[in-house]
Amino acid sequence: MLVACWSLWQRLALPDPRVGQALMGGLVAAGATALGTLPVLLAQQVSDRARDAMLGFGAGVMLAACAFSLVVPGLAAAASLGAGPWRAGSIVGAGILIGAALLHALDRWLPHEHFIKGPEGSTTRARALALKRTWLFVFAIALHNLPEGLAIGVAYAGTDPVGASALATGIAIQDVPEGLVIAVALRSAGYGRGLAVGLGAASGLVEPVGAVLGAVIVGLSAGLLPWGLAFAAGAMLWVISHEIIPESHRQGHERLATGGLMLGFVLMMILDTALG
C-alpha cells in the first residue's frame with residue numbers, strides 16, 4: 001500500500017513541482033492549526049468573547065483571501081486566456097456559484113455538528129451510521145478546512161507563486177486561532193483535553209490533501225485555472241457566510257466578531273499587497 005501511494009505521488013508531484021509546493025503550503029496551514037490547539041493543554045478555558053473575536057478575525061482573513069488571492073487572479077487568468085470582461089466575469093461568477101453549491105450539497109448530505117448550533121444534516125443517515133458526536137465534529141471541521149486546502153492548491157497551480165505564498169500565509173495565520181477555537185469548542189462539549197487537542201490538530205490534515213487535489217486538477221489544463229480559483233473562492237465564501245459568521249454572532253458578541261473581521265480583512269489585504 002505504501003509503495004503504491006509513493007508511486008502515485010511520484011507520478012503526480014515530480015513532473016509538476018507546483019504540486020509539491022501546494023503540498024508544502026497545505027502542510028504549513030495544517031501545522032498552524034495544530035499550533036493553535038496547544039494553549040488548550042495549559043489553559044483552563046478561553047472566554048466566549050475571545051473565541052468569537054478570533055472567529056471574526058478568521059472570517060476577515062478568508063474574505064480578503066477570496067477577493068485578492070482568488071477572485072481577482074481568477075478574472076486575470078480568464079482574461080489571459082482570451083476572455084473579454086463579460087465572459088471573464090461570467091466564468092468566475094459561475095465558478096463561485098458552483099463551489100458554493102457543492103459545499104451546500106455536502107452540508108446537507110453529510111451528518112455533522114456545529115459547535116454551538118448543534119446537529120445538522122441527514123438525521124436518518126446519522127442514526128444509520130451510528131456516528132458519535134466526536135465524529136460529527138470531525139466532519140464539520142473537514143467541511144470547513146477543505147476549501148482552504150483547495151484554495152492553496154489552485155493558487156500554486158497558477159502562474160503567480162508569490163501570490164500563492166501570500167494566500168497560503170494568510171490561511172496559515174487564520175488557522176492558528178481557528179485551531180484554538182476548534183479545541184476549545186471540543187473541550188466545552190465535554191471532550192478530554194488530549195482528545196480535543198488531537199482532533200483539533202488532525203483537522204488541519206484535510207488542507208494538504210485538498211491542496212494536492214486542487215493543484216493536480218488545475219495543473220491538467222491552463223483553461224481550468226480561472227474555474228479552479230473561482231470554485232475555491234465560492235467554497236470559502238459559503239463557509240464564511242454559513243459557518244463562521246453565524247457562529248461568531250450566536251453568543252451576542254457581534255461587535256467583537258465584526259471588529260475581528262475588519263482587522264483580519266485588513267491584515268490579509270496588506271499581506272497580499274506586500275507579498276504580491
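Residues numbered from 1 in each chain as written. Predicted model: local features only at pLDDT ≥ 70, side-chain atom pairs only at ≥ 80, totals over all residues. Heavy atoms only, no water.

Visitor: What should I look at first to understand helix α4 (residues 48–80) in this one?
Guide: Helical geometry: 3.6 residues make up each α-helical turn, so side chains three or four residues apart lie on a common side. In this model α4 runs 46 Å from its N-terminal to its C-terminal C-alpha over 33 residues, within 8% of the 48 Å that 1.5 Å per residue would give. Of all bends in α4, the biggest is about 30°, found at C66. Following α4 by one or two positions, G82 has its phi on the positive side, about 100°. (Helix = DSSP H or I, 4+ residues; strand = E, 2+ residues; numbered from the N terminus. Expected span 1.5 Å × (residues − 1). Bend = angle between axes of the 7 residues up to and from the residue.)

Visitor: For this particular structure, what's the right way to read the packing of helix α2 (residues 17–37) against helix α9 (residues 193–203)?
Guide: Each packed pair of helices is defined by two parameters, the angle between the axes and the distance between the axes. Running from amino to carboxyl end, α2 crosses α9 at an angle of 160°, the nearest separation of the two axes being 7 Å. With respect to α9, the axis of α2 lies roughly antiparallel. The handedness of the crossing between α2 and α9 is right-handed. Residues T33, A34 and T37 of α2 pack against V197, G200, A201 and S203 of α9. Looking at side-chain class alone, the contact of α2 with α9 contains 3 nonpolar, 4 polar and no charged residues. (Axes fitted to C-alpha atoms, helices over the stretch in contact; angles between N-to-C directions. Parallel < 35°, antiparallel > 145°, perpendicular 65-115°, else oblique. Left-handed = near helix turned anticlockwise from the far one by under 90°. Contact = heavy atoms within 4.5 Å. Nonpolar A, V, L, I, M, F, W, Y, C, P; charged D, E, K, R; others polar.)

Visitor: Any chance you could explain the confidence of the model for the protein here in plain terms?
Guide: Any region with low pLDDT has predicted coordinates that should not be read closely. When pLDDT is averaged along the protein, the result is 78; 78% of the residues meet or exceed 70. Looking over the protein, one finds the lowest element-wise mean pLDDT in helix α6 (residues 123–129), namely 43, and the highest in helix α5 (residues 85–109), namely 89. In this model, residues 121–132 is a region of pLDDT below 50 whose contacts with residues beyond four sequence positions or in other chains number 13 contacts. (pLDDT = per-residue confidence, 0-100.)

Visitor: What exactly am I supposed to notice about the environment of R255 here?
Guide: Mapping R255 onto the fold places it in helix α12 (residues 254–275). Linking R255 and D52, residues 203 residues apart in sequence, is a C-alpha distance of 9.6 Å.

Visitor: How should the packing of α4 against α5 be read in this particular structure?
Guide: Running from amino to carboxyl end, α4 crosses α5 at an angle of 135°, the nearest separation of the two axes being 9 Å. Accordingly, the angle class assigned to the pair α4 and α5 is oblique. For the pair α4 and α5, the crossing hand works out as right-handed. Residues V71, G74, L75, A78 and A79 of α4 form the contact with α5, whose own contacting residues are A88, G89, V92 and I96.

Visitor: Would you mind going over the side chain of S69 with me for this structure?
Guide: With respect to the helices, strands and loops of the structure, S69 is situated in helix α4. Sequence-distant contacts of S69, that is, excluding residues within four places in its chain, are made with A64, G163, L167, L229, M268 and D272.

Visitor: How do you make sense of the side chain of T37 when you look at a structure like this?
Guide: Here T37 shows up in helix α2. Excluding residues that lie within four positions of it along the chain, T37 makes contacts with G179, L180, A183, V197, G200 and A201.

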